Every structure is written in C-alpha cells, then in structure tokens.
Amino acid sequence: MTPATHEPEHFLWSFADGIGTVTLNRPEKKNPLTFESYAELRGFFRALVYSPEVKAIVLTGAGGNFCSGGDVREIIGPLTEMDMPELLEFTRMTGDLVKAIRHCPQPVIAAVDGVCVGAGAILAMASDMRIATPEAKTAFLFNRVGLAGCDMGACAILPRIIGQGRASELLFFGRSMSAEEGERWGFWNALVSADDLMAEAGKWAARIAAGPTFANGITKTQLNAEWDMGIDQAIEAEAQAQAICMQTEDFRRAYRAFIAKEKPVFEGN
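Residues numbered from 1 in each chain as written. Predicted model: local features only at pLDDT ≥ 70, side-chain atom pairs only at ≥ 80, totals over all residues. Heavy atoms only, no water.

Quick question: what am I supposed to make of helix 6 (residues 164–173) here?
Since the α-helix packs 3.6 residues into each turn, any two residues three or four apart lie on the same face. Buried within helix 6 we find A167, L170 and L171. Taken down its axis, helix 6 places every buried residue within 95° of arc, on the same side. Exposed residues on helix 6 whose side chains face more than 90 degrees from its buried face are G165, F172 and F173. Backbone geometry just downstream of helix 6 places G174 in the positive-phi region, at approximately 65°. (Buried < 20%, exposed > 50% of the residue type's maximum accessible area, 1.4 Å probe, protein only. Helix = DSSP H or I, 4+ residues; strand = E, 2+ residues; numbered from the N terminus. Arc of directions from axis to C-beta.)

Here's what the structure looks like:
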C-alpha cells in the first residue's frame, strides 16, 4: 500500500503529514459494514505494518454517525442462510479485523459521533483511544439479535476498558451506553462537540505523529502483549523493549535536544 495514492473501494482514505484518516462512508444507512468492507478494512490495517510513513490513524464515520454495525440486508440476512463452515469463516474474518487494528503499530484514534453500535462499537473498542460527541450512542447489541455478547473480542477487551461488571451489563442487556456514561466509565477518553470532533482527533493524531514513531509502536505492542503476562514477565519484556528503544536515533536526538535546551524533533528511527 502506498498511503499517498491509496484509493480503497469501500471506505474513504486521506493521508497528510503522517496522519491517515479512515472514514466509513455509507451515511444514508449510518455507515454499516458489508462482507466487502470488513475484508477491505482487515487488509488495510494489516498493510499498515509495512507503511512506516503512516504515524497515526483517525477512524471515523460520515454524516454524523460512526457505524451502525453489520448491514441488516447485506450481512445479517445472508448469515441466516449459511451453514456452520461459512459462518465460522465470517466470524473469523471479523475477528481478524480487530486483530489487525490491535497489531498495526500505528495508534488508532476513533472519532465517534451519533450511532456506534454492534460491530461499530467493536471498532471503537478496538481503537487505542476514543473521542466522542455528547450525541454518541454506543451499544454492544448482539444480545438483542439473539447472539452472544462474545463477538470480535468484546468479552476480552471491553472489561479491560470499563471493568467486568459494567462490561457484563452492556453485553447481557445490549443496552445503549450514553456518551456521559462512556466517559465516566473510561470508554471515551474525551467528549467534544460535533463541530470540534475531527479537529480534536486531528490534534491528538498530530501529537502522536510528532512523537518517536518506533517507540510508539513498541508501546502499542507491549500494551497488547502484557495482557497475558505476569508482573515479572512483563517487567522483563519491558526491559528488553526499552533497551531496543535506547538504540534508536530518536533517543539520541532527545538527549541532544535536552542538553541544548531545545524541543526534540523526532524522525521515527
């Protein structure tokens, strides 16, 4: 993938100053996902591993909504007619999208307005940071359509963000979480007005893009990897990771800037 010229088929993409913006773009239906958009998004986030010029990602939706989940007619209907091997192929593909978001080295910032439900709520959950408007309505509504709440990593990731009890409430009831609840519970990092949403997300992305890119990727890797580690193992893993970062030019740049009483200018290597 060449970020400056990439033209996806099932979502919008823009790239400037190290920041890429992914916009789900079916506003007439509140930006639902299809089989094709799932697959293209999965491939896109996988390819970011090989795109070091991309420093940060903003993930958002068009038309005042984030994402209404899987398209009822284009996904839900066909799923009711599939056999088990086909269904498992689909659920593994959707889970692979979450894996791709978590494993790309670039921090992903979800900028959420309006409807954010089902797989849309999962996309926000899978992001590294989340900014929303007061109008954001979020629901992990799988229970309401006869499915388990354990979809696309929700039972693993959501409790780590908001706690086991609150995650259980949302997953068993399938109810909507208000923006104020989400901020209080720690799901949203910040609430801003709809007019300021993309500007604020851009500011956060710019701060990341101006930082030590290689080291930021290590941070994201360790945040993922240490979920399954004991304390001693995590401390050793961080010792090794930090020793690697101490060999980078960005570390030396920061030292020279400190001595010169200047602000470091990181180059990502």
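Moving on from the coordinates now.
How should the nonpolar core be read in this particular structure?
Taken as a class, soluble globular proteins show a tendency for nonpolar side chains to be buried jointly. In terms of nonpolar packing, the biggest core is built from 52 residues, with Y38, F45, V112, F140, L158 and F187 touching the most fellow members. With seven residues, the single largest contributor to this core is helix 4 (residues 119–126). The residues contacting Y38, other than those within four sequence positions of it, are L33, I75, F90, M93, T94, L97, A119 and M152. Membership of the second largest hydrophobic core comes to 14 residues, among which are I19, I109, A201 and W204. (Core = buried A, V, L, I, M, F, W, Y, C linked by side-chain atoms within 4.5 Å. Contact = heavy atoms within 4.5 Å.)

I tried to follow the packing of aromatic side chains on my own but got confused; where do I start?
Describing an aromatic ring pair means giving the distance of the ring centres and the angle of the ring planes. This model, assessed by the stated rule, comprises eight aromatic pairs. Consider the rings of W13 and F15, whose centres lie 6.2 Å apart with planes at 10°: the pair is stacked. Taking the relative accessible area as the measure of exposure, W13 reaches 12% and is therefore buried. Geometrically, the ring pair formed by Y38 and F90 is edge-to-face, given 5.7 Å between the ring centres and 85° between the ring planes. A residue pair is termed long-range when its members are at least 10 positions apart, and Y38 in helix 1 (residues 35–47) and F90 in helix 3 (residues 84–103) qualify at 52 residues. Its relative accessible area of 4% is what places Y38 among the buried residues. (Phe/Tyr/Trp six-rings, centres within 6.5 Å; stacked < 30°, edge-to-face > 60°.)

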